[in-house]
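Descriptive structure summary
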Amino acid sequence: MAVCRGKVSEGLDFTDDNARTVVNVGIPFPNIKDLQVELKMKYNDQHCKARGLLSGSRWYEIQAYRAINQALVRCIRHKNDCGALILVDDRFGNNPNKYISGLYKWVLNLFRHNNAFICAMQSLMTFFRCQQGAGETHGAGSQMFNSTTILFSQSISSDCGRSVPLSAQS
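These numbers were taken from a predicted model, which means no experiment stands behind them.

Considerations on the overall build of the chain
When helices and strands are counted, the chain shows seven helices and four strands. The order of α-helices and β-strands along the chain, N terminus first, is α-β-α-α-β-α-α-α-β-α-β. Taking all 170 residues of the chain together, the buried fraction comes to 38%. Contacts in the chain between residues far apart in sequence, at least 24 positions, make up 74% of those at least 6 positions apart. If you sum the accessible surface of the chain, you get close to 9800 Å²; carbon and sulfur atoms cover 54% of it.

Overview of the pattern of salt bridges
Summed over the entire model, instances satisfying the criterion amount to two salt bridges. Between Arg-91 and Asp-89 there is a salt bridge whose closest N-O contact spans 2.7 Å. According to the relative accessible area criterion, Arg-91 is partly exposed, its value standing at 29%.

Digging into the pairing of strand E2 (residues 83–88)
Within E2, five of the six residues are buried, leaving the element largely enclosed by the surrounding structure. Examined bridge by bridge, strand E1 (residues 21–25) and E2 share five bridges and lie parallel to one another. By the bridge assignment, Asn-24 is partnered in E2 with Leu-87.

Some thoughts on the packing of aromatic side chains
Taken as a whole and assessed by the stated rule, the structure comprises three aromatic pairs. Between Phe-127 and Phe-128 the ring centres are 5.0 Å apart and the planes differ by 70°, which places this aromatic pair in the edge-to-face class.

Some details on the environment of Met-41
Within the secondary structure, Met-41 is located in helix H2 (residues 35–51). Sequence separation between Met-41 and Gly-56 is 15 residues; the distance between their C-alpha atoms is 3.8 Å. In contact with Met-41, other than residues within four places in its own chain, are Ile-32, Gly-56, Ser-57, Trp-59 and Tyr-60.

Section: the confidence of the model for the chain
Regions with low pLDDT carry predicted coordinates that are not meant to be interpreted in detail. On average, residues of the chain score 73 in pLDDT, and 69% of them reach the 70 mark or higher. The least confident element of the chain, judged by mean pLDDT, is strand E4 (residues 148–155) at 44; the most confident is H2 at 97. The model gives residues 152–159 a pLDDT under 50, and that stretch makes 33 contacts with residues more than four places away or in other chains. Counting contacts from residues 161–170, a segment whose pLDDT is below 50, to residues more than four positions away or on other chains yields 20 contacts.

So, the nonpolar core
Soluble globular proteins: nonpolar side chains tend toward being buried together. Counting residues in hydrophobic clusters, the biggest one holds 18 residues, and the most contacted among them are Leu-85, Leu-87, Phe-92 and Leu-103. Elements with a minimum of two residues in this core: helix H3 (56–72), E2 and helix H6 (105–108). At four residues, the largest contribution of residues to this core is made by H3. Counting five residues, the second-largest nonpolar core is a separate cluster that includes Cys-82, Ile-86, Leu-124 and Phe-127.

Focus on H2
For H2, spanning 17 residues, the distance from its first C-alpha to its last is 22 Å, which sits close to the expected 24 Å at 1.5 Å a residue. Of all the bends in H2, the greatest measures close to 40° and is centred on Asp-45. Taken as a whole, H2 has its buried residues at Val-37, Met-41, Asn-44 and Cys-48. The secondary structure elements touched by the buried residues of H2 are H3. The N-cap residue of H2 is Asp-34: its side-chain oxygen and the backbone nitrogen of Gln-36 are 2.8 Å apart. Note on H2: the residue one or two positions beyond its end, Gly-52, has a positive phi of about 70°.

Quick word on the packing of H2 against H3
Relative to each other, H2 and H3 sit at 135°, their axes nearing to 7 Å. Regarding the angle of H2 to H3, the classification is oblique. Residues Val-37, Lys-40, Met-41, Asn-44 and Asp-45 of H2 lie in contact with H3, whose contacting residues are Gly-56, Ser-57, Trp-59 and Tyr-60.

Thoughts on H3
The end-to-end C-alpha distance of H3, which contains 17 residues, comes to 25 Å, matching closely the 24 Å that a straight helix rising 1.5 Å per residue would cover. Along H3, the residues classified as buried are Gly-56, Trp-59, Tyr-60, Gln-63, Ala-64, Tyr-65, Ala-67, Ile-68, Asn-69, Ala-71 and Leu-72.

Parameters at a glance
Residues numbered from 1 in each chain as written. Predicted model: local features only at pLDDT ≥ 70, side-chain atom pairs only at ≥ 80, totals over all residues. Heavy atoms only, no water. Helix = DSSP H or I, 4+ residues; strand = E, 2+ residues; numbered from the N terminus. Buried < 20%, exposed > 50% of the residue type's maximum accessible area, 1.4 Å probe, protein only. Contact = heavy atoms within 4.5 Å. Areas by Shrake-Rupley, 256 points an atom, 1.4 Å probe, with all protein chains shown as cover. Salt bridge = Lys/Arg side-chain N within 4 Å of Asp/Glu carboxyl O. Pairing = 2+ DSSP bridges. Phe/Tyr/Trp six-rings, centres within 6.5 Å; stacked < 30°, edge-to-face > 60°. pLDDT = per-residue confidence, 0-100. Core = buried A, V, L, I, M, F, W, Y, C linked by side-chain atoms within 4.5 Å. Expected span 1.5 Å × (residues − 1). Bend = angle between axes of the 7 residues up to and from the residue. Polar contact = N/O pair within 3.5 Å; in protein donor to acceptor, adjacent residues only side chain to side chain. Axes fitted to C-alpha atoms, helices over the stretch in contact; angles between N-to-C directions. Parallel < 35°, antiparallel > 145°, perpendicular 65-115°, else oblique.

This is the structure:
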């Protein structure tokens, strides 16, 4: 267990079997009432056009994505590593174009949306079975480990709904 912006979520290297899954609950926006955050947002808003800075609100969003990206890649440290990245927050499913756009591009290409907890767990088990089979078939240095799955669990219902790549969603 760790929190975003902490040493475990941003500074430690969990390669190979040291970590196979990262679960991120929520979107780690900075504290909007923090004086430094307020001042930075105001400064950016006042100078964004003249100095080519991001607007205050865009800067604020990027801080959340930076923290989430840092936490997500704790379990995938090299091209032969594998891991599951689980994002749990309704915003990822309700408005995916807004809330997942700040994730690493390679993560976006592998994103899967699951409407129910049971479906997310089934997808997760299938992913690890495939990874285990690829390791037994192709050996430890195989390119087959160069994959990951991203899951979003929206509810705890038993109806699986759909599990599709983000690009196939509207």
